[in-house]
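If you want the building blocks of each chain, they are given just below.
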Amino acid sequence: MQLKPLTQGRYSQEWQSDYPLVERVLLSCVSEQRRFAPGEALMQQGQKLNQLVLVPSGKIAMSYSARNGRNFQLGTLKCDSQLFGEMEFFTQNPCQLDILAQTTLTCGIIPADKLQQALGEHPRLALFFASAIAIDYQDTVDIFTRRMLYPISYNIAYDLYHQQLDDLPVSGFNKGYLEAERFGTTARVYRRAIQSLEDAGLVRRSKGKLEIMDLKALQDFVEQGEL
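Residues numbered from 1 in each chain as written. Predicted model: local features only at pLDDT ≥ 70, side-chain atom pairs only at ≥ 80, totals over all residues. Heavy atoms only, no water.

In the nomenclature of an unreviewed UniProt entry, the protein is known as CRP-like cAMP-binding protein of Shewanella chilikensis.

Written out as structure tokens, the structure is:
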């Protein structure tokens, strides 16, 4: 979740005014600063956590590995005071995802017991956590359900269109095999889906990137769900 004033939801107005308290209390829980190199894990899937990590700035990637060997990339996130481990803090379950640094990061480490004490002293902050987690939860469910219910070509088109609108919660990768994993498929199936979009005149591949050829046609495809 993002440690910033909430701009949506039922309690957004309250958090605009109460944010100085939220920031002051959470920053007081930071026990140390830790540096992470690109590729280093802030948290690992299956790890039992006793701390949260606050990333003031930089880029991270999130992924899930299944027992059958398949990987799902949730995407990359350009952090702006992002807090990781809040779900596991409340549930006390192991970490669900690998969180990897994509750039060099200097992060604040928040011990779980220190945060628990702070929430006991300032119970109103729990409302901030609940609101922020609910927003992140709905964004994540939206991604997962769209990946499950629509074809790969549609998901790629949807992603491209909303990149243009600049309203996606996470971004993609420069490498094709990671993009394939982000759409829950193999590199071969991913390439075939791209080809179908090219054949429809919606996109083209240029220097390893996808470019929109017909924005209006792409929008129609995204809104109608079929070519």
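Still to come is the rest of the account.
J.: Could you give an account of the state of the cysteines, naming the residues involved and the relevant values?
T.: Between two cysteines, a covalent bond joining their sulfur atoms is known as a disulfide. This model, assessed by the stated rule, comprises 0 disulfides. As a non-bridged cysteine, cysteine 29 has cysteine 107 as the owner of its nearest cysteine sulfur, 16 Å distant. Exposure remark for cysteine 29: the relative accessible area of 2% places this residue in the buried category. Cysteine 107 takes part in no disulfide bond, and the closest cysteine sulfur to it belongs to cysteine 79, at a distance of 7.8 Å. The exposure class assigned to cysteine 107 is buried, which follows from its relative accessible area of 0%. (Disulfide = S-S within 2.5 Å. Buried < 20%, exposed > 50% of the residue type's maximum accessible area, 1.4 Å probe, protein only.)

J.: Can you explain the UniProt feature "domain: Cyclic nucleotide-binding" (unreviewed entry) in the protein? Please cite residues and give values.
T.: As recorded in UniProt, the feature "domain: Cyclic nucleotide-binding" (unreviewed entry) lies at residues 32–120. Measuring from the first to the last C-alpha atom of residues 32–120 gives 22 Å, for a span that is 17% helix and 54% strand. (UniProt positions renumbered as here; feature names shortened; annotations may be inferred. Helix = DSSP H or I, 4+ residues; strand = E, 2+ residues; numbered from the N terminus.)

J.: Mind laying out the nonpolar core, listing which residues take part and the relevant values?
T.: Grouped together as the largest cluster of nonpolar side chains are 25 residues, with contacts concentrated most on Val22, Leu115, Phe128 and Phe129. For this core, the secondary structure elements donating two or more residues are helix 1 (12–28), strand 3 (51–65), helix 3 (112–121) and helix 4 (125–149). Tallying contributions element by element places helix 4 first for this core, with 6 residues. Residues Met43, Leu49, Ile99 and Ala101 belong to the second largest nonpolar core, which totals 21 residues. (Core = buried A, V, L, I, M, F, W, Y, C linked by side-chain atoms within 4.5 Å.)

J.: Tell me what's going on with the packing of helix 5 (residues 152–165) against helix 7 (residues 187–199), and back it up with residues and numbers.
T.: Across the interface, helix 5 lies against helix 7 with an axial gap of 9 Å and an inter-helix angle of 70°. By the criterion of interaxial angle, the relationship of helix 5 to helix 7 is roughly perpendicular. In this structure, helix 5 crosses over helix 7, and the sense of that crossing is right-handed. The segment helix 5 lies against helix 7, with Ile152, Ser153, Ile156 and Ala157 engaging Val189, Tyr190, Ala193, Ile194, Ser196 and Leu197. (Axes fitted to C-alpha atoms, helices over the stretch in contact; angles between N-to-C directions. Parallel < 35°, antiparallel > 145°, perpendicular 65-115°, else oblique. Left-handed = near helix turned anticlockwise from the far one by under 90°. Contact = heavy atoms within 4.5 Å.)

J.: Provide a residue-level description of a nonpolar patch on the surface, including the pertinent values.
T.: Taken together, the side chains of Met87, Tyr137 and Val141 present a nonpolar region at the surface, about 260 Å² in accessible area. Locating tyrosine 137 in the fold gives a position in helix 4. A relative accessible area of 52% places tyrosine 137 in the exposed class. (Patch = residues over 30% accessible without salt bridge, like charges linked within 9 Å, V, L, I, M, F, W, Y side chains within 5 Å. Areas by Shrake-Rupley, 256 points an atom, 1.4 Å probe, with all protein chains shown as cover. Salt bridge = Lys/Arg side-chain N within 4 Å of Asp/Glu carboxyl O.)

J.: Which residues make up the pairing of strand 7 (residues 203–206), and what values go with them?
T.: Direction of pairing for strand 7 relative to strand 8 (residues 209–212): antiparallel, over a ladder of 4 bridges. The partner of arginine 204 across the bridge, within strand 8, is glutamate 211. Turn length for the strand 7-strand 8 hairpin, with the two strands adjacent in sequence and antiparallel, is 2 residues, and the turn residue lysine 207 shows positive phi of about 55°. (Pairing = 2+ DSSP bridges.)

J.: Residues and numbers for the packing of aromatic side chains, please.
T.: Applying the stated rule across the entire model yields 9 aromatic pairs. Aromatic side chains phenylalanine 128 and phenylalanine 129 sit 6.3 Å apart centroid to centroid with 90° between the ring planes, which places their arrangement in the edge-to-face category. Here phenylalanine 128 and phenylalanine 129 have matching classes, each one buried. Centroid distance tyrosine 154 to tyrosine 158: 6.2 Å. Interplanar angle 40°. Geometry classified as tilted. Linking tyrosine 154 with tyrosine 158, this pair stays in helix 5, spanning 4 residues, or about one helical turn. Judged by its relative accessible area of 5%, tyrosine 154 is buried. For tyrosine 158, a relative accessible area of 16% translates into the label buried. One aromatic cluster in this structure is built from Trp15, Phe89, Phe90, Phe128 and Phe129. (Phe/Tyr/Trp six-rings, centres within 6.5 Å; stacked < 30°, edge-to-face > 60°.)

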